Amino acid sequence: MRSTVPTGETMRHHWLAFTSNRRFHQAPKLVSKAEGIFYHTPQGHKLYDSLSGLWCTPLGHGNRQISEAISHQLSQLDYAPAFNVSHPLAFQLSEQIAGMAPGDLNHVLYCNSGSEAADTALKLARAYWRARGKPEKTKFIGRAKGYHGVNFGGISVGGIGPNRKVYGQTLDAYHLPHTWLTENRFSRGLPQEGDYLADALLQILEVQDASNIAAVMVEPMAGSGGVIVPSSGYLKRLRTLCDQHDILLIFDEVITGFGRMGTVFGADYFAVQPDMLTCAKALTNGIMPMGAVITSRDIYQTMMDQPGDDFMIEFPHGYTYSAHPLACAAAMASLEQLNQPSLMEQVRSLSQVFEDAIHDLKGLPLVEDIRNIGLAGAIQIQSDPAHPTKRASEISALCWDKEVYVRFGGNNLSFAPPFICSKQDIHEIFSRVADAIQQYA
Ligand code: PLP
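Residues numbered from 1 in each chain as written. Predicted model: local features only at pLDDT ≥ 70, side-chain atom pairs only at ≥ 80, totals over all residues. Heavy atoms only, no water.

Examining the overall build of the chain
Part 1 of the argument: Helices and strands together make up the secondary structure of the chain, namely 15 helices and 15 strands.
Part 2 of the argument: Taken over the C-alpha trace, the chain has a radius of gyration of 22 Å; the compact-globule value for 441 residues is 22 Å, and the two agree within 12%.
Part 3 of the argument: Each principal axis of the C-alpha distribution contributes one length, and for the chain these read about 65 × 55 × 45 Å.
Part 4 of the argument: Contacts in the chain between residues far apart in sequence, at least 24 positions, make up 72% of those at least 6 positions apart.
Part 5 of the argument: When the accessible surface of the chain is split by element, carbon and sulfur atoms take 51% of a total near 19,800 Å².
Part 6 of the argument: The chain carries 36 positive and 43 negative side-chain charges, and their two centres are separated by 7 Å. (Helix = DSSP H or I, 4+ residues; strand = E, 2+ residues; numbered from the N terminus. Rg over C-alpha atoms; globule rule 2.2 N^0.38 Å. Contact = heavy atoms within 4.5 Å. Areas by Shrake-Rupley, 256 points an atom, 1.4 Å probe, with all protein chains shown as cover. Lys, Arg positive; Asp, Glu negative; His and termini not counted. Charge placed at Lys NZ, Arg CZ, Asp CG, Glu CD.)

Looking at the sheet that holds strand β1 (residues 33-35)
Part 1 of the argument: The four strands lie next to each other as β1-β2-β3-β13, forming an open sheet whose pairing is mixed. Each edge of the open sheet is held by one strand with a lone partner, namely β1 and β13 (404-405).
Part 2 of the argument: Direction of pairing for β1 relative to strand β2 (residues 38-40): antiparallel, over a ladder of three bridges. Along β2, the bridge assignment pairs E35 with F38.
Part 3 of the argument: Strands β3 (46-49) and β13 of the sheet are contacted by helix α15 (residues 423-440), whose axis makes an angle of about 105° with β3. (Pairing = 2+ DSSP bridges. Axes fitted to C-alpha atoms, helices over the stretch in contact; angles between N-to-C directions.)

Let's talk about the environment of D104
Part 1 of the argument: Secondary-structure assignment places D104 in the loop between α4 (88-100) and β4 (105-111).
Part 2 of the argument: Given a relative accessible area of 29%, D104 falls into the partly exposed group.
Part 3 of the argument: Sequence-wise, D104 and I437 are 333 residues apart; in three dimensions their C-alpha atoms are separated by 46 Å.
Part 4 of the argument: Setting aside its immediate chain neighbours within four residues, D104 contacts Q273, T295, S296, R297 and D298.
Part 5 of the argument: Within polar-contact distance, the side chain of D104 engages the side chain of Q273 at 2.7 Å. (Buried < 20%, exposed > 50% of the residue type's maximum accessible area, 1.4 Å probe, protein only. Polar contact = N/O pair within 3.5 Å; in protein donor to acceptor, adjacent residues only side chain to side chain.)

Considering the sheet that holds strand β6 (residues 173-176)
Part 1 of the argument: Taken together, seven strands build an open sheet; the order of strands is β4-β10-β9-β8-β7-β5-β6 and the sheet is mixed. Every other strand in the sheet has two partners, leaving β4 and β6 as the edge strands with one partner each. Between one strand axis and the next, the sheet turns by 20° as a mean value, whatever way the strands run.
Part 2 of the argument: As defined by bridge partners, β4 adjoins strand β10 (residues 291-296) across six bridges and the pair is classed as antiparallel. When the bridges of β10 are listed, Y110 appears paired with A292.
Part 3 of the argument: Of the strands in this sheet, β4 and β10 are in contact with α4, which crosses β4 at around 130°.
Part 4 of the argument: Sheet strands touched by helix α8 (residues 200-208): β5 (139-143), β6 and β7 (213-218). Its angle to β6, the strand with the most contacts, is close to 150°.

With respect to the pairing of strand β12 (residues 376-381)
Part 1 of the argument: Along β12, six of the six residues are buried, which leaves the element largely enclosed by surrounding structure.
Part 2 of the argument: Neither face of β12 is left uncovered, since the one carrying A376, A378 and Q380 and the one carrying G377, I379 and I381 both have all their residues buried.
Part 3 of the argument: Here strand β11 (residues 367-373) runs beside β12; their pairing, made up of six bridges, is antiparallel. By the bridge assignment for β12, V367 is matched with I381.
Part 4 of the argument: Taking the residues that link successive antiparallel strands as the turn, the β11-β12 hairpin has two residues, and the phi of G374 there is positive, at about 55°.
Part 5 of the argument: Pairing of β12 with strand β15 (residues 412-415), which is carried by four bridges, proceeds in the antiparallel orientation. Among the inter-strand pairings, G377 is bridged to a residue of β15, identified as F415.

Describing the packing of helix α5 (residues 114-131) against helix α11 (residues 297-304)
Part 1 of the argument: The N-to-C vectors of α5 and α11 enclose an angle of 60°; their axes lie 9 Å apart at closest approach. Here α5 lies oblique to α11, going by the angle between them. Taken as a pair, α5 and α11 cross one another with a handedness that is left-handed. Taken together, the residues of α11 that come into contact with α5 (itself represented by L124, A127, Y128 and A131) are D298, I299, T302 and M303. (Parallel < 35°, antiparallel > 145°, perpendicular 65-115°, else oblique. Left-handed = near helix turned anticlockwise from the far one by under 90°.)

So, the domain arrangement of the chain
Part 1 of the argument: Partitioning the chain into domains gives domain 1 (8-62 + 340-440) and domain 2 (65-338).
Part 2 of the argument: Here the C-alpha centroids of domain 1 and domain 2 sit 26 Å apart.
Part 3 of the argument: Contact with domain 1, which involves 35 residues of that partner, is made by 36 residues of domain 2.
Part 4 of the argument: Its largest share of buried area at the contact with domain 2, domain 1 owes to W55, L59 and I373, together 24% of the area lost on that side.
Part 5 of the argument: The shortest N-O distance in the salt bridge between R188 and D356 comes to 2.9 Å.
Part 6 of the argument: The interface formed by domain 1 and domain 2 holds 20 residue pairs in polar contact (both at pLDDT 80 or more) in total.
Part 7 of the argument: For the side of domain 1 that touches domain 2, the elements supplying multiple residues, two or more each, are α2 (52-55), α13 (341-359), β11 and β12.
Part 8 of the argument: A breakdown of the residues in the side of domain 1 that touches domain 2 according to their chemical character gives 18 nonpolar, ten polar and seven charged. (Domains from an automatic or database assignment. Buried area = accessible area lost by both parts, 1.4 Å probe. Salt bridge = Lys/Arg side-chain N within 4 Å of Asp/Glu carboxyl O. Nonpolar A, V, L, I, M, F, W, Y, C, P; charged D, E, K, R; others polar.)

Some thoughts on the site of the ligand
Part 1 of the argument: In the vicinity of the ligand, the contacting residues are S113, G114, S115, Y147, H148, G149, E219, S224, D252, V254, I255 and K281.
Part 2 of the argument: In this structure, G114 approaches the ligand through a main-chain N or O atom, which is 2.9 Å from an oxygen atom.
Part 3 of the argument: Note that an oxygen atom of the ligand is positioned 2.5 Å from one of the side-chain N or O atoms of S115.
Part 4 of the argument: In the complex, 83% of the free accessible area of the ligand, which totals 390 Å², lies under the protein chains. (Near = heavy atom within 4 Å.)

Shown next as structure tokens:
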């Protein structure tokens, strides 16, 4: 079926996700084709993809190995029931993921998105404590500016105000302070200051008591919140405090998982092993929807060792499309490539170029901070106090005109280019972004 470019009223049938639809209708941004690190528009423009889609296509667009794996799988088995039945590829993929995940994170539960992965992990944390005979451990601790998707659990533990305010609080959740500090502005890579911010957990425990807390959930670095990187000892400190107080630690690695920081996981970068790790996005290179929760041996074994009959379901949770065969095929092909040491080496060497190129924009008007880690970075734009997100959104629109797709979130412009881009591509992206900022100011 050929697609036609929508116009006028016909556009309104599609209510765009997480988008100002009214603004979109005034200036629709459409892409109709993608190749490598570029998007093509129906009008014939070719744009750099500076965020790997939505942080999810590190291998670029049109990856032949993945599309061939999907079409082969489609010819063999298009769907398998997710409950009580499975298929061989799901086991192969789980073995592959277990081999890539740190320490004893060896057991994989599948879902279809990062949001579902977050809520799956939260449910499993509660179920685990109940199985351990501590059913009162039900509350969660997240972090300000944290993003764990859009489902009710994720928004409660997440710390982005506008994503929560109209929905109400549905889980008992408390929040650590975010790790953005003025004194760390324009840090290159890991900031100096901030290990002490983890100690805020103790203040929450003083009021809530650890006996009521199931888990702490954080991203190794806050991606959607604007690439806010913690100092090097922060997560270690959080791990120690969680251990001391018998609280599970969950890393949301939906953005950091599979190479974004130059290591397979953010957990590897900081050398801290969580009890559970969520992932999605790069898992299939964004080509098929898939998310996963990877759990420690202790969590898995505790759930398996529950008393009761063998026919009892140990964890009553799952989705019609959990471990979907086409998603498994896409993930196998994606991880075979992302697991190549030479690719991680490439990410680390490009990260240096990326760091220099993004920090070259320091000193431009309205730029109030620049942060980076691995192949991820953000430029923080001074907010217009009356309209906090306006400037970043308008600069992003100018970037589009300069043929670079740039994502804005709050007052940040975020960048996470595909791992397959060249040094020249990175310089070209930031040279166009610099032009856009200067033109706007
Ligand atoms: N968690 C993190 C850290 C994310 O960055 C995202 C999406 O950007 C999610 C969860 C939600 O993922 P999804 O949009 O696939 O539901």
